[in-house]
Amino acid sequence: YYVHCSASEDYYFCTCGESNAQPFCESPGDRCAKQPLFVPKFYKPRYDGKKLLCGCKKAPGEMCTGACVLMWADVHPFMFSMYMYGSCFVFGILSAWMFHP
């Protein structure tokens, strides 16, 4: 999620993924209202501005790290290797075409 955050406000990051106000929790407190097994994470940004917050809930913190892509690659190694081979092939063709004398 690409959201605007203010340094003067406190936010509670949803950890269950069921909140209607994603990526923030609807009920900031001890427990989540929708999934009582989950606890919302306190998040206080240092600066005002746009932040890229995790939507897949697989990153270790609130900020998006791309952990979901690495997890998908671990679960689907053949498909990931085919995507990488195809992208390297296309890049090789295009770069040879552009830089060939």
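To be clear, the structure that these remarks concern was listed above.
Now for a quick tour of the structure. (Residues numbered from 1 in each chain as written. Predicted model: local features only at pLDDT ≥ 70, side-chain atom pairs only at ≥ 80, totals over all residues. Heavy atoms only, no water.)

Some remarks on the overall build of the protein chain
Thinking step 1. Counting its secondary structure elements, the protein chain contains 2 helices and 4 strands.
Thinking step 2. Moving toward the C terminus, one meets the helices and strands of the protein chain in the order β-β-β-β-α-α.
Thinking step 3. Taken over C-alpha atoms, the radius of gyration comes to 20 Å for the protein chain, far larger than the 13 Å a tight globule of 101 residues would show.
Thinking step 4. By its C-alpha atoms, the protein chain is 65 × 30 × 20 Å across when sized along the principal axes.
Thinking step 5. Expressed as a percentage of its 101 residues, the buried residues of the protein chain come to 23%.
Thinking step 6. Considering only residue pairs separated by 6 or more positions, the protein chain has 45% of its internal contacts joining residues 24 or more positions apart.
Thinking step 7. When the accessible surface of the protein chain is totalled, it reaches about 7,400 Å², and 65% of it is carbon and sulfur.
Thinking step 8. Positive and negative charge centroids in the protein chain, built from 9 and 8 side chains respectively, lie 3 Å apart. (Helix = DSSP H or I, 4+ residues; strand = E, 2+ residues; numbered from the N terminus. Rg over C-alpha atoms; globule rule 2.2 N^0.38 Å. Buried < 20%, exposed > 50% of the residue type's maximum accessible area, 1.4 Å probe, protein only. Contact = heavy atoms within 4.5 Å. Areas by Shrake-Rupley, 256 points an atom, 1.4 Å probe, with all protein chains shown as cover. Lys, Arg positive; Asp, Glu negative; His and termini not counted. Charge placed at Lys NZ, Arg CZ, Asp CG, Glu CD.)

What about the nonpolar core?
Thinking step 1. Counting residues in each nonpolar core, the largest one holds 9 residues, listed as Val3, Cys5, Tyr11, Phe13, Phe24, Tyr43, Leu53, Cys54 and Ala59.
Thinking step 2. Of all elements in the fold, only strand S1 (2-5) and strand S2 (11-13) reach the threshold of two or more residues within this core.
Thinking step 3. Beyond its immediate chain neighbours, meaning those up to four positions away, Phe24 contacts Val3, Cys5, Tyr11, Tyr12, Phe13, Cys14, Ser19 and Leu53. (Core = buried A, V, L, I, M, F, W, Y, C linked by side-chain atoms within 4.5 Å.)

Notes on the packing of helix H1 (residues 67-75) against helix H2 (residues 77-99)
Thinking step 1. The geometry of H1 relative to H2 is characterised by a closest axis approach of 5 Å and an angle of 115 degrees between their N-to-C directions. Considered as vectors, H1 and H2 are oriented roughly perpendicular to each other. In this structure, H1 uses Trp72, Ala73, Asp74 and Val75 to contact H2, whose residues at the interface are Pro77, Met79, Phe80 and Tyr83.
Thinking step 2. Taken together, the residues that form the contact of H1 with H2 break down as 7 nonpolar, no polar and 1 charged. (Axes fitted to C-alpha atoms, helices over the stretch in contact; angles between N-to-C directions. Parallel < 35°, antiparallel > 145°, perpendicular 65-115°, else oblique. Nonpolar A, V, L, I, M, F, W, Y, C, P; charged D, E, K, R; others polar.)

Considering a nonpolar patch on the surface
Thinking step 1. Among the surface-exposed residues, Phe78, Met82, Tyr85, Phe89, Val90, Ile93, Leu94, Trp97, Met98 and Phe99 lie close enough to one another that they form a single nonpolar patch of about 1,200 Å² accessible area.
Thinking step 2. Tracing the backbone through its elements, the reader meets Val90 in helix H2. (Patch = residues over 30% accessible without salt bridge, like charges linked within 9 Å, V, L, I, M, F, W, Y side chains within 5 Å. Salt bridge = Lys/Arg side-chain N within 4 Å of Asp/Glu carboxyl O.)

Section: the pairing of S1
Within a regular strand, side chains alternate between the sheet's two faces.
Thinking step 1. The two faces of S1 differ: Val3 and Cys5 on one face are buried, but Tyr2 and His4 on the other face are not.
Thinking step 2. Bridge count between S1 and strand S4 (residues 49-52): 4 bridges; the pairing is antiparallel. When the bridges of S4 are listed, His4 appears paired with Lys50. (Pairing = 2+ DSSP bridges.)

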